[in-house]
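Coordinate analysis (summary)
The residues making up each chain are set out below.
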Amino acid sequence: MSSRIAYLGPEGTFTEQATRQWDREGAHELLPVPTVPAALAALAAGEVGAAVVPFENSVEGSVPATLQALQETQDVRIVAEELVRVQFSLLVRPEWAQRPIRTVATHPHAAAQVRGWLAGELPEARIVPETSTARAAQAVAEGQYDAAIAAPGAARAYGLAEAAEQIADREGAVTRFVVLRAGVPVPPPTGADRTTLLALIWANRPGALLELLDQFAVRGIDLTRLESRPTGEGLGEYQFWIDATAHLTEARMTEALLGLRRTCRDVRFFGSYPRADTRATPVPEHADEQTYAAAAAWVRSLSGPAVTSGPSRR
Ligand SMILES: O=C(O)C(=O)Cc1ccccc1
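Residues numbered from 1 in each chain as written. Predicted model: local features only at pLDDT ≥ 70, side-chain atom pairs only at ≥ 80, totals over all residues. Heavy atoms only, no water.

**Re the pairing of strand 11 (residues 174–182)**
Pairing geometry for strand 3 (residues 50–57) and strand 11, over 6 bridges, is antiparallel. Of the residues in strand 11, the one forming a bridge with Val53 is Val178. Bridge count between strand 5 (residues 76–85) and strand 11: 9 bridges; the pairing is antiparallel. The partner of Val76 across the bridge, within strand 11, is Ala182. (Pairing = 2+ DSSP bridges. Helix = DSSP H or I, 4+ residues; strand = E, 2+ residues; numbered from the N terminus.)

What follows is the structure, given as structure tokens:
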């Protein structure tokens, strides 16, 4: 398998920062690709061993292009996640610093996070969506637009000047990136793990969403993201992306998956992997491994000679 890593490029994206953070030792060759589907295609073709894509932002929510591309893939697993603090600068060609800014290019997720600043400072400018913030910076260097909104590092990569720094409407935004691989086993549990699922519920079934949520609620599993996305099959046909803070091999998660599989039209498993913040979510006593094991032992014991009292919990 290739040891190269594809990432949403070109050079200078936030995704590159996430990729370097994951490839701490710089052991892998990094391959910038223009779009998320291109990263997944390189993975499927075996041209790279892993792909890093933006997934979710603390201000703007999920990255729809990533969810869409993942919905269309087969056999891709999330094996890790990385968190990157994002900061945005307005980049211009140095020789153009005094010219009026009529066009500003950036990634839609970045545009959404600087909307207030743009409305105040450049109310007349046309905002042009690009495939990434660094692609926007590169296009400014090529003369296609007057300015780009990108990471400060993109200024260095493309010889641009920072006309304004720290322009996000909300400070401290964090983006979550996922590392994808194909045909690999699930990494072992660490005690602070996340599982990503896509569940397709039966349409026109009252209570179907409540039933889905109940699979987690009764087993003491905390959800960190729940997102409805259209299936594309027709109005009212929805599927749900779920991030749950438990590992596939934990009894409470295994049982929740059994429940989902029984009650949903389809369930796709996108992986169990360590949480980047390494924060372990407390497990309620009724849902921890020992309690599940004790309960299972009790059920097994029932087929033997009559028991006079129930088990103690531990
Ligand atoms: O375009 C980039 O630099 C990306 O990596 C995608 C992105 C865009 C805006 C916020 C976070 C990630």
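**Notes on the packing of helix 8 (residues 208–217) against helix 9 (residues 251–263)**
Helix 9 packs onto helix 8 with a crossing angle of 165° between their chain directions and a minimal axis gap of 8 Å. By the angle between their directions, the pair helix 8 and helix 9 is classed as roughly antiparallel. For the crossing formed where helix 8 meets helix 9, the hand is right-handed. Where helix 8 approaches helix 9, its residues Glu211, Leu212, Gln215 and Phe216 are matched on the opposing element by Met253, Ala256, Gly259, Leu260 and Thr263. Here the residues of the contact of helix 8 with helix 9 sort into 5 nonpolar, 3 polar and 1 charged. (Axes fitted to C-alpha atoms, helices over the stretch in contact; angles between N-to-C directions. Parallel < 35°, antiparallel > 145°, perpendicular 65-115°, else oblique. Left-handed = near helix turned anticlockwise from the far one by under 90°. Contact = heavy atoms within 4.5 Å. Nonpolar A, V, L, I, M, F, W, Y, C, P; charged D, E, K, R; others polar.)

**Let's talk about a nonpolar patch on the surface**
Taken together, the side chains of Trp298, Val299 and Leu302 define a hydrophobic patch exposed on the protein surface, amounting to about 270 Å² of accessible area. By the element assignment, Val299 lies in helix 10 (residues 289–301). (Patch = residues over 30% accessible without salt bridge, like charges linked within 9 Å, V, L, I, M, F, W, Y side chains within 5 Å. Areas by Shrake-Rupley, 256 points an atom, 1.4 Å probe, with all protein chains shown as cover. Salt bridge = Lys/Arg side-chain N within 4 Å of Asp/Glu carboxyl O.)

**Things to note about the pattern of salt bridges**
Under the counting rule described, the total for this entry stands at 16 salt bridges. The shortest N-O distance in the salt bridge between Arg20 and Glu16 comes to 2.9 Å. Placement of the pair is Arg20 and Glu16 together in helix 1 (residues 14–22), with a separation of 4 residues, close to one helical turn. In this structure, the salt-bridge partner of Asp243 is Arg225, at a minimum N-O distance of 2.8 Å. Within this pair, whereas Asp243 is found in strand 14 (residues 238–244), its partner Arg225 is found in strand 13 (residues 223–230), the two being separated by 18 residues in sequence. Connected through shared salt-bridge partners, Glu56, Glu81, Arg176, Arg194, Arg225, Glu227 and Asp243 make up one network.

**Looking at the side chain of Thr103**
As for its position among the elements, Thr103 is in strand 7 (residues 103–106). Here the side chain of Thr103 touches Asp146 through a polar contact of 3.0 Å, landing on its backbone nitrogen. When neighbours within four sequence positions are excluded, Thr103 is seen to be in contact with Arg126, Tyr145, Asp146 and Ala147. (Polar contact = N/O pair within 3.5 Å; in protein donor to acceptor, adjacent residues only side chain to side chain.)

**Digging into the site of the ligand**
By nearness alone, every residue bordering the ligand is listed as Leu8, Thr13, Phe14, Thr15, Pro54, His107, His109, Ala110, Ser132, Thr133 and Thr175. Phe14 has a polar backbone atom sitting 2.9 Å from an oxygen atom of the ligand. Here an oxygen atom of the ligand sits 2.5 Å away from a polar atom, N or O, in the side chain of Thr15. Summarising the interface, the protein chains cover 100% of the accessible area of the ligand, which totals 320 Å² for the free molecule. When residues of the shell around the ligand are traced back to their parent elements, those giving at least two are helix 1 and helix 4 (108–113). (Near = heavy atom within 4 Å.)

**Description of the UniProt feature "domain: ACT" (unreviewed entry) in the protein chain**
Here the UniProt feature "domain: ACT" (unreviewed entry) sits at residues 197–272. The span residues 197–272 is 30% helix and 34% strand, and its two end C-alpha atoms sit 9 Å from each other. (UniProt positions renumbered as here; feature names shortened; annotations may be inferred.)

**A short note on the environment of Ala217**
Tracing the backbone through its elements, the reader meets Ala217 in helix 8. When the C-alpha positions of Ala217 and Val79 are compared, they lie 25 Å apart, and in sequence the two are 138 residues distant.

**Comments concerning the domain arrangement of the protein chain**
As far as domains go, the protein chain holds domain 1 (1–86 + 168–184), domain 2 (90–153) and domain 3 (190–299). Here domain 2 and domain 3 have C-alpha centroids that lie 40 Å from each other. (Domains from an automatic or database assignment.)

**Describing the UniProt feature "domain: Prephenate dehydratase" (unreviewed entry) in the protein chain**
Under the UniProt annotation, the feature "domain: Prephenate dehydratase" (unreviewed entry) is placed at residues 4–182. From the first C-alpha to the last, residues 4–182 spans 13 Å; its make-up is 31% helix and 32% strand.

**Here we look at the packing of aromatic side chains**
Within the structure shown, the criterion is met by 3 aromatic pairs. Summarising the aromatic geometry, the rings of Phe14 and Phe88 are spaced 5.4 Å apart at their centres and angled 80° between planes, so their arrangement reads as edge-to-face. Taken as a pair, Phe14 in helix 1 and Phe88 in the loop between strand 5 and strand 6 (89–92) lie far apart in primary sequence, 74 residues in all. (Phe/Tyr/Trp six-rings, centres within 6.5 Å; stacked < 30°, edge-to-face > 60°.)

**Focus on the sheet that holds strand 10 (residues 161–164)**
Pairing is mixed in the open sheet, where 5 strands are placed in the order 8-7-9-6-10. Single-partner strands in this sheet number two, and they are strand 8 (126–129) and strand 10. Across the sheet, the mean angle separating the axes of adjacent strands is 35° when strand polarity is ignored. Pairing between strand 7 and strand 8: 4 bridges, direction parallel.

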